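Structural features, examined
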Amino acid sequence: MKRLPRRALLRALACLTPLSLFSPSVLAGTYPDRPITLVVPFGAGGITDIVARATGKVLGEQLNQTVIVENRPGAGGNIAADYIRRAKPDGYTLMFTTLGVLAVNPHTDMKASFDSKKDFTYISLVANTPHLIAVNAAVQSASLSALIKLAKDKPGSISFGTAGLGSSPYQGMAILQEAQGIKFLHVPYKSGAESVTGVVAGQVDMTFEATPQVMPFVTSGKLRALAVANTQRLASAPDVPSTTELGYPGIVSGSVAGLIGPAGLPADVVTTLNAALAKVVANPAFKDTLLKQGTATASSTSDEFRRLVVDEDKRWAKIMAAAKE
């Protein structure tokens with residue numbers, strides 16, 4: 001085979017070099033050049049869905065592209081997580097998820113077909129919504145301490161509803177049970193909204209849900225709010241005491257959520273999305289919308305989000321192992 005002269009070879013390489021500087025996403029066009037699908041792992045109407053839709057709207061404005069929210073509930077979020085795990089890593093199929101799906105589900109009896117350390121690309125945190133502990137008006141507990149005493153006297157007799165094992169309210173109840181050495185009866189629903197409706201209807205006794213889901217029923221007298229699982233009271237529920245002020249500083253829980261994609265997202269796509277989300281959470285109108293419903297905005301680098309999931313995974317491995325003993 002005849003070899004090219006050195007000068008000819010260098011000229012050929014010089015022609016190829018500019019192309020090698022671009023990632024596949026850039027070569028295919030400027031990202032994003034078509035609508036983005038934002039998958040939500042729980043049913044419509046729950047706090048994750050509410051915040052995801054608010055995020056999708058403003059994110060679409062930042063990217064000058066349509067963001068379509070798609071609910072894929074089931075198995076505590078595992079169905080959606082598996083769907084994202086298998087999605088094409090091009091930035092057009094993303095997931096708005098809670099830490100529970102990623103860090104709690106792998107340690108439950110549900111079959112999680114994903115590895116949160118390897119199967120996803122972490123983009124950014126977006127929000128944190130503290131939980132409210134509320135009971136049906138017929139439950140004979142006028143305070144958090146009275147509820148805890150009742151649970152100690154009659155283990156497993158008080159039922160609570162959540163959007164499933166991977167939901168953040170389930171995590172909150174696990175924290176409450178571990179901190180106080182008590183046991184409640186878990187009843188899973190498809191969404192947080194349905195679980196709260198179940199408490200209102202008397203199907204279950206209590207819930208550990210977000211302010212937007214609970215407060216309308218508290219205001220109407222159908223539910224009784226005992227505490228907000230936070231270090232301080234919320235502007236959206238000023239009359240509800242915090243667990244910290246009630247003497248239970250260890251009972252702090254909320255729905256921490258953010259954006260992820262399948263493993264292998266191009267670095268430039270992650271950078272574009274992270275920068276856009278930073279602008280979303282800094283948007284005054286977006287912050288005000290979330291604040292009114294008791295949700296605080298949050299942001300992070302991709303690596304900070306990933307490390308948080310790793311830390312929470314270790315934490316919940318211990319909690320869930322203790323709960324099974």
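Along each chain, numbering runs from 1 in the same order as the chain's sequence is written. Only residues with pLDDT of at least 70 get local features here, since the model is predicted, and only at 80 or more are side-chain atom pairs given and counted; chain-wide, interface and lining totals rely on the full set of residues. Calculation of side-chain values draws on the structure's entire complement of heavy atoms; hydrogens and water are dropped beforehand.

1. Description of the environment of threonine 197
Starting at the N terminus, helices and strands are each numbered in turn, a helix being any DSSP run of H or I of at least four residues and a strand any DSSP run of E of at least two. Mapped onto the elements, threonine 197 comes out in helix α8 (residues 192-200). It is 9.3 Å that separates the C-alpha atoms of threonine 197 and glycine 161, two residues lying 36 residues apart in sequence.

2. Details of the packing of helix α3 (residues 47-63) against helix α10 (residues 267-282)
In contact at an axis separation of 9 Å, α3 and α10 are set at 115° when each is read in the N-to-C sense. Pair α3 / α10 crosses with right-handed handedness. Each of Thr55, Val58, Leu59, Gln62 and Leu63 in α3 lies in contact with α10, whose residues at this interface are Thr272, Leu273, Ala276, Leu277, Lys279 and Val280. Per-class residue counts for the contact of α3 with α10 are seven nonpolar, three polar and one charged. For every element, the axis is a line fit to its C-alpha atoms; helices are fit only across the contacting stretch, and the angle between N-to-C directions ranges from 0 to 180 degrees. Take the far helix as the reference: if the near one is turned anticlockwise from it by less than a right angle, the crossing is left-handed, and if turned clockwise, right-handed. Every residue pair with non-hydrogen atoms within 4.5 Å of one another is taken to be in contact. Three categories are distinguished: nonpolar for Ala, Val, Leu, Ile, Met, Phe, Trp, Tyr, Cys and Pro, charged for Asp, Glu, Lys and Arg, and polar for the others, with Gly belonging to the last.

3. Overview of the environment of valine 214
Along the polypeptide, valine 214 turns up in helix α9 (residues 211-219). For valine 214, a relative accessible area of 0% gives the class buried. Residues valine 214 and alanine 225, spaced 11 residues apart in sequence, show a C-alpha to C-alpha distance of 8.0 Å. Look past the residues within four positions of valine 214 in its chain and what remains in contact with it is Leu132, Ala134, Val196, Thr207, Glu209 and Leu223. For every residue, the accessible area obtained with a 1.4 Å probe (protein chains only) is divided by the maximum for its type, and the residue is called buried under 20%, exposed over 50%, and partly exposed between those limits.

4. A few points about the pattern of salt bridges
Each reported salt bridge corresponds to a side-chain nitrogen of Lys or Arg within 4 Å of a carboxyl oxygen of Asp or Glu. In the structure shown here, the tally under the stated rule is 14 salt bridges. With a closest N to O distance of 2.9 Å, arginine 233 and glutamate 245 form a salt bridge. Of this pair, arginine 233 sits in the loop between β8 (223-228) and β9 (254-262) while glutamate 245 sits in the loop between β8 and β9, and the two are 12 residues apart along the sequence. Note that arginine 307 and aspartate 303 form a salt bridge whose closest N and O atoms lie 2.9 Å from each other. With arginine 307 and aspartate 303 both in helix α12 (residues 302-323), this residue pair falls four residues apart, about one helical turn.

5. As for the side chain of aspartate 313
Tracing the sequence through the fold places aspartate 313 in helix α12. By relative accessible area, which is 8% here, aspartate 313 ends up buried.

6. Comments concerning the confidence of the model for the protein chain
Interpretation of this model should avoid reading the predicted coordinates in detail wherever pLDDT is low. Averaged over all residues, the pLDDT of the protein chain is 88; the fraction at 70 or higher stands at 90%. Here residues 12-28 scores under 50 on pLDDT; set against residues more than four positions off or in separate chains, the count is seven contacts. Values of pLDDT, which run from 0 to 100, indicate the predictor's confidence residue by residue.

7. Quick word on the nonpolar core
A general trend in soluble globular proteins is that nonpolar side chains are found buried together. Core analysis: the largest hydrophobic core is formed by 32 residues, its most contacted members being Leu59, Leu94, Phe96, Leu259 and Phe286. With sequence-adjacent residues up to four places away left out, leucine 94 is seen in contact with Tyr31, Ile36, Thr37, Leu38, Val39, Ile84, Ile123, Leu259, Ile260, Gly261, Leu265 and Leu273. As used here, the term nonpolar core means buried Ala, Val, Leu, Ile, Met, Phe, Trp, Tyr and Cys residues forming a set that is joined through side-chain atoms within 4.5 Å. In terms of nonpolar packing, the next biggest core, distinct from the first, is built from 27 residues, Leu147, Ala151, Ile158 and Leu226 among them.

8. Notes on the packing of aromatic side chains
Aromatic rings from Phe, Tyr and Trp, taking only the six-membered ring of Trp, are treated as a pair when their centres fall within 6.5 Å; an angle between ring planes under 30 degrees marks them as stacked, one over 60 as edge-to-face, and anything in between as tilted. For the structure shown, the criterion picks out four aromatic pairs. Consider the rings of tyrosine 122 and phenylalanine 305, whose centres lie 5.1 Å apart with planes at 70°: the pair is edge-to-face. Of this pair, tyrosine 122 sits in strand β4 (residues 120-136) while phenylalanine 305 sits in helix α12, and the two are 183 residues apart along the sequence. For the pair tyrosine 122 and phenylalanine 305, a shared accessibility class is recorded, and that class is buried. Two thresholds decide whether a charge sits over a ring: the Lys NZ or Arg CZ must be within 6 Å of the ring centre and within 35 degrees of the ring normal. Positioned above the aromatic ring of tyrosine 83, the side-chain terminus of arginine 72 is 3.6 Å from the ring centre.

9. Structural notes on α3
Expected helix span is computed as 1.5 Å times (number of residues minus one). Between its first and last C-alpha atoms α3 spans 24 Å; for 17 residues at 1.5 Å apiece the expected length is 24 Å, and the two agree. Of all 17 residues making up α3, 12 are buried, and the element is well covered by its neighbours. Among the residues making up α3, those that are buried are Ile47, Thr48, Asp49, Val51, Ala52, Ala54, Thr55, Gly56, Val58, Leu59, Gly60 and Leu63. One or two positions beyond α3, positive phi appears at asparagine 64, with a value near 55°.

10. Regarding the packing of α10 against helix α11 (residues 284-292)
Running from N to C, α10 and α11 point in directions that differ by 65°, and their axes come no closer than 5 Å. Together, Val280, Val281 and Ala282 of α10 and Pro284, Phe286 and Lys287 of α11 make up the contact between the two elements.

11. Re α11
It helps to recall that an α-helix has 3.6 residues per turn; residues three or four apart then point in one direction. What qualifies as a polar contact is a pair of N or O atoms within 3.5 Å, subject to a donor-acceptor requirement within protein and to the restriction that residues adjacent in sequence count only when both atoms come from side chains. Between the side-chain oxygen of the N-cap and the backbone nitrogen of alanine 285 there are 2.9 Å, and the N-cap of α11 in question is asparagine 283. Residue glycine 294 follows α11 closely and has a positive phi angle near 90°.

12. A word on unusual backbone geometry
Glycine aside, residues mostly have negative phi, and peptide bonds are mostly found in the trans state. Note the cis peptide between tyrosine 31 and proline 32, where omega equals -5°. Take proline 32: it is sitting in the loop between α2 (24-27) and β1 (36-40). The phi dihedral of asparagine 64 falls on the positive side, at around 55°, and the residue is not glycine. With respect to the secondary-structure elements, asparagine 64 resides in the loop between α3 and β2 (67-71). For alanine 75, which is not glycine, the phi dihedral falls at a positive 55°. Within the secondary structure, alanine 75 sits in the loop between β2 and α4 (78-85).

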